[in-house]
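Inside the fold
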Amino acid sequence: MTEIRFEKVWKEYGSSIVLENVDLALADHEFLVVIGPSGVGKTTLLRLLLAQERPTRGRILLDGREIASEPTADRGVVFQRYSVFPHKSVLANVMLGPQWAGSPLVGRLFGARKRALRDQAMALLDRVGLAEHARKYPAQLSGGMQQRLALAQALINKPKVLLLDEPFGALDPGSRRSMHVLVRELWEEQSMTIVMVTHDLMEAFHLGTRVVAIDKVRNDPQAPERYGATIASDFCAKPRIVRDSFRFEAARLRAAAELAAKTPLLTREKD
Amino acid sequence: MRRIINYPPSPGLALLLGAAPFVAVGLAYLAASDARLAVDAADKLMPGVSAFYAQMSRLMTRVDPVVGQPLFWFDTWCSLARLLAGIGVSALIGIVCGVLIGFIPWLRAAFEPMIFALSLIPPLAVLPILFIAFGLGETSKLVLIVFGIAPFIVRDVALAVTAIPREQIIKAQTLGASTWQMIVDVVLPQALPRLIESVRLSLGSAWLFVIAAEAITAEGGLGYRIFLVRRYLAMDVILPYVVWITLLAFLLDFALRKLSAAAFPWTRLREA
């Protein structure tokens, strides 16, 4: 269970206010998409959640506890660019997180633990469609493949929340579509919470279960920096009850199929 | 008629064009030398090929009674040892201080201005201090080289560290890395190629300091020999020594370039 809560969060840089009075509660297994015009503070919101920056006022709670004051392993992230390490092979990139966690001094695992981790990493790479590129360096991959790698790298640590900062912004339409499918499926499989920032409305409503628009609701033409942006509108794009009923239907069909597989010949029962 | 910038020479022609100035300088020297020797057969300023050959074969093969080996190889060994020791120590200081100063804000705030100030001091101006403080032996020469190039390498490596995208550092933290783990697995591997580059750039200054230190006081060395025989106008020693120093510098640079390519293949990769 993961619950994110913004409590009256303000962010100011000197005298200019970027975000004002952001209040938000996000339930478990939601796909929140933050949209808004460029330069309004979408990314600042994500950075606050990442603890790359600290709110000037207010608090951000993760499962009822205030988030750490620096980025930690409970919040994974994929940026638009530079999310993977160019000096490590694809496989080594994915293995990094658990290696760091398992070996504080050398950052390397050995023997059986290393083999187990390698198998886990390969399975994840296979899931994102990069298994045959495991030995390459990121510079040899296309933009879309690098983003898949960044996803796998973040997911191996099983973060409570996955933060995506315009992750598909630099991709061509083809890889963008296949990334949409992948992210959607991963969100469903790992039943995690995702917060994504984008300026693409289509993408927002296609992927998100909840879409939040950030904008300045008040504006002083003489001093535009005196008012910050806040949540201007909040849409429930895919209501939970609908999602639950879809999931229930899918489970029911699966169960029926399994039952049919167990008793392949109806005639046998009659004998 | 295309613009001249759109006429690239073919690879073979490019090689030929590159060699042409060398050949031209060599021919010009030979012509001038011949002209002078025709006027005065004992001319010392521009000796001919035969004089070079005679002098150098003597220096390379005849064992000097004082040092117990041919002078040429003794000088080469002395200078190279000083140069490599100086570069090695500077590189070590460069990578350790550069990474720490570039990566840890407190250390950056504390030491960046100091390193910058140090890099502005002309090293030869403090050479007398080094001689007074460390004596006339090898220590002062080593310190001179380190003083001359280490601040530059530290600054260059620190700059490379700060140029690592912030996203990567944030990502590493979300993967649970500690500061130590980020230094070892993220920062250091990406700073090392830059270290080799800045060592390559510093080779010229390093040679300068070796020669300068040897010119003032030494028991042997390429610079020592050049400045020793200067009194006798022995161009038949000086010119080959200069060519030899140039060749050594080129070979060091070449070796470093190959080392960088072999050790860090990822720096020169493009999407396949």
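- If you check an unreviewed UniProt entry, chain B appears there as ABC transporter permease subunit from Chelatococcus sambhunathii.
- Here chain B is described in UniProt, under the heading Sequence similarities (unreviewed entry), as follows: "Belongs to the binding-protein-dependent transport system permease family."
- Turning to chain B, the UniProt annotation filed under Subcellular location (unreviewed entry) states: "Cell membrane".

- Where an unreviewed UniProt entry is consulted, chain A appears under the name ABC transporter ATP-binding protein, with the organism given as Chelatococcus sambhunathii.
- Turning to chain A, the UniProt annotation filed under Sequence similarities (unreviewed entry) states: "Belongs to the ABC transporter superfamily."

1. Quick word on the overall build of chain A
- Helices and strands together make up the secondary structure of chain A, namely 8 helices and 10 strands.
- Counting only C-alpha atoms and orienting by the principal axes, one finds that chain A spans roughly 85 × 50 × 40 Å.
- In chain A, of all internal contacts separated by at least 6 residues, the share reaching a separation of at least 24 is 69%.
- As presented, chain A carries roughly 13,600 Å² of accessible surface, and 55% of it is formed by carbon and sulfur atoms.
- Placing the 39 positive and 32 negative side-chain charges of chain A at their respective mean positions leaves the two points 5 Å apart.

2. Examining the sheet that holds strand β9 (residues 210-215) of chain A
Residues and elements named next belong to chain A.
- Ordered in space as β6-β7-β8-β3-β9-β10, the 6 strands form an open sheet in which the pairing is mixed. One side of each edge strand has no neighbouring strand; the edge strands of this open sheet are β6 (75-78) and β10 (230-236). The mean inter-strand angle of the sheet, taken between neighbouring strand axes irrespective of direction, is 20 degrees.
- Packing of helix α1 (residues 42-50) onto the sheet brings it into contact with β3 (31-35), β6, β7 (161-165), β8 (193-197) and β9, and relative to β7 it is tilted by some 150 degrees.

3. What to know about the pattern of salt bridges
Residues and elements named next belong to chain A.
- For the coordinates displayed, the defined rule picks out 25 salt bridges over all chains.
- With a closest N to O distance of 2.7 Å, D234 and R210 form a salt bridge. Of the two residues, D234 sits in strand β10 while R210 sits in strand β9, which places them 24 residues apart along the sequence.
- By relative accessible area, which is 16% here, R210 ends up buried.
- Within the structure, one salt-bridge network assembled from shared partners comprises K11, R47 and E53.

4. Focus on the interface of chain B and chain A
- Taken together, the 24 residues of chain B in the interface contact 36 residues of chain A.
- Surface buried jointly by chain B and chain A totals about 2,600 Å² across both partners, of which 63% is contributed by carbon and sulfur atoms.
- It is B:K171, B:L175 and B:D185 that lose the most area in chain B upon contact with chain A, and together they represent 27% of the buried surface on that side.
- Where chain B meets chain A, there are 2 salt bridges.
- Among the ionic pairs, A:R108 bridges to B:D185, the shortest N-O distance being 3.2 Å.
- The interface formed by chain B and chain A includes 11 residue pairs in polar contact (both at pLDDT 80 or more).

5. Concerning the packing of aromatic side chains
Residue and element names in this part refer to chain B.
- Summed over the entire model, instances satisfying the criterion amount to 9 aromatic pairs over all chains.
- Plain terms: the ring middles of F72 and W244 are 5.3 Å apart, the flat faces sit at 45 degrees to each other, and that makes the pair tilted. Note that F72 is positioned in helix α3 (residues 71-103) and W244 in helix α10 (residues 235-263), a separation of 172 residues in sequence.
- The class for F72 is buried, based on a relative accessible area of 1%.
- Taking the centre distance of 6.2 Å and the plane angle of 90 degrees together, the rings of W73 and W244 count as edge-to-face.

6. Structural notes on the UniProt feature "transmembrane region" (unreviewed entry) in chain B
Residues and elements named next belong to chain B.
- Summarizing the sequence annotation, UniProt attributes the feature "transmembrane region" (unreviewed entry) to residues 12-32, 83-107, 114-136, 142-164, 199-218 and 238-256 in the numbering used throughout.
- In the segment residues 142-164, helix accounts for 91% and strand for 0%; the C-alpha atoms at its two ends are 32 Å apart.
- For residues 238-256, the end-to-end C-alpha separation is 27 Å, with 100% helix and 0% strand making up the annotated structure.

7. Here's the deal with the nonpolar core
- Counting 57 residues, the largest nonpolar core has A:W100, B:V99, B:V157 and B:Y241 as the members making the most contacts within it.
- Among the elements that make up this core, the one with the highest residue count is helix α8 (residues 179-216) of chain B (15 residues).
- Among all residues touching A:W100, those that are not within four sequence positions of it are A:F85, A:G107, B:A172, B:L175, B:A177, B:Q181, B:D185 and B:V186.
- In this structure, A:A150, A:A152, A:A154 and A:A204 belong to the second largest nonpolar core, which totals 41 residues.

8. So, the sheet that holds strand β2 (residues 16-26) of chain A
Residues and elements named next belong to chain A.
- If you walk across this open sheet you meet the 4 strands as β2-β1-β4-β5, and the pairing is antiparallel. Edge positions in the open sheet fall to β2 and β5 (65-66), since each of these has one partner strand only.
- The pairing of strand β1 (residues 4-13) with β2 spans 7 bridges and is classified as antiparallel. Bridging from a neighbouring strand, V9 pairs with V22 of β2.
- Across the sheet, α1 lies against β1, β2 and β4 (57-62), angled at about 120 degrees from β1, the strand it touches most.

9. Quick look at the side chain of A:T193
Residue and element names in this part refer to chain A.
- As for its position among the elements, T193 is in strand β8.
- On the accessibility criterion, T193 (0% relative accessible area) is buried.
- For T193, the residues in contact, after removing those within four places along its chain, are T2, I4, L26, A27, D28, H29, E30, K160, V161 and L162.

10. Describing the pairing of β4(A)
All names here are of chain A.
- In terms of strand pairing, β1 meets β4 through 5 bridges, oriented antiparallel. If you follow I4 over to β4, its bridge partner there is L62.
- For β4 and β5, the ladder comprises 2 bridges, and the chain directions are antiparallel. Bridging from a neighbouring strand, L61 pairs with E66 of β5.
- Hairpin connection, β4 to β5: the antiparallel pair is bridged by 2 residues, and D63 has positive phi, about 55 degrees.

Conventions we followed
- Residues numbered from 1 in each chain as written.
- Chains lettered and ligands numbered in written order.
- Predicted model: local features only at pLDDT ≥ 70, side-chain atom pairs only at ≥ 80, totals over all residues.
- Heavy atoms only, no water.
- UniProt positions renumbered as here; feature names shortened; annotations may be inferred.
- Helix = DSSP H or I, 4+ residues; strand = E, 2+ residues; numbered from the N terminus.
- Contact = heavy atoms within 4.5 Å.
- Areas by Shrake-Rupley, 256 points an atom, 1.4 Å probe, with all protein chains shown as cover.
- Lys, Arg positive; Asp, Glu negative; His and termini not counted.
- Charge placed at Lys NZ, Arg CZ, Asp CG, Glu CD.
- Pairing = 2+ DSSP bridges.
- Axes fitted to C-alpha atoms, helices over the stretch in contact; angles between N-to-C directions.
- Salt bridge = Lys/Arg side-chain N within 4 Å of Asp/Glu carboxyl O.
- Buried < 20%, exposed > 50% of the residue type's maximum accessible area, 1.4 Å probe, protein only.
- Buried area = accessible area lost by both parts, 1.4 Å probe.
- Polar contact = N/O pair within 3.5 Å; in protein donor to acceptor, adjacent residues only side chain to side chain.
- Phe/Tyr/Trp six-rings, centres within 6.5 Å; stacked < 30°, edge-to-face > 60°.
- Core = buried A, V, L, I, M, F, W, Y, C linked by side-chain atoms within 4.5 Å.

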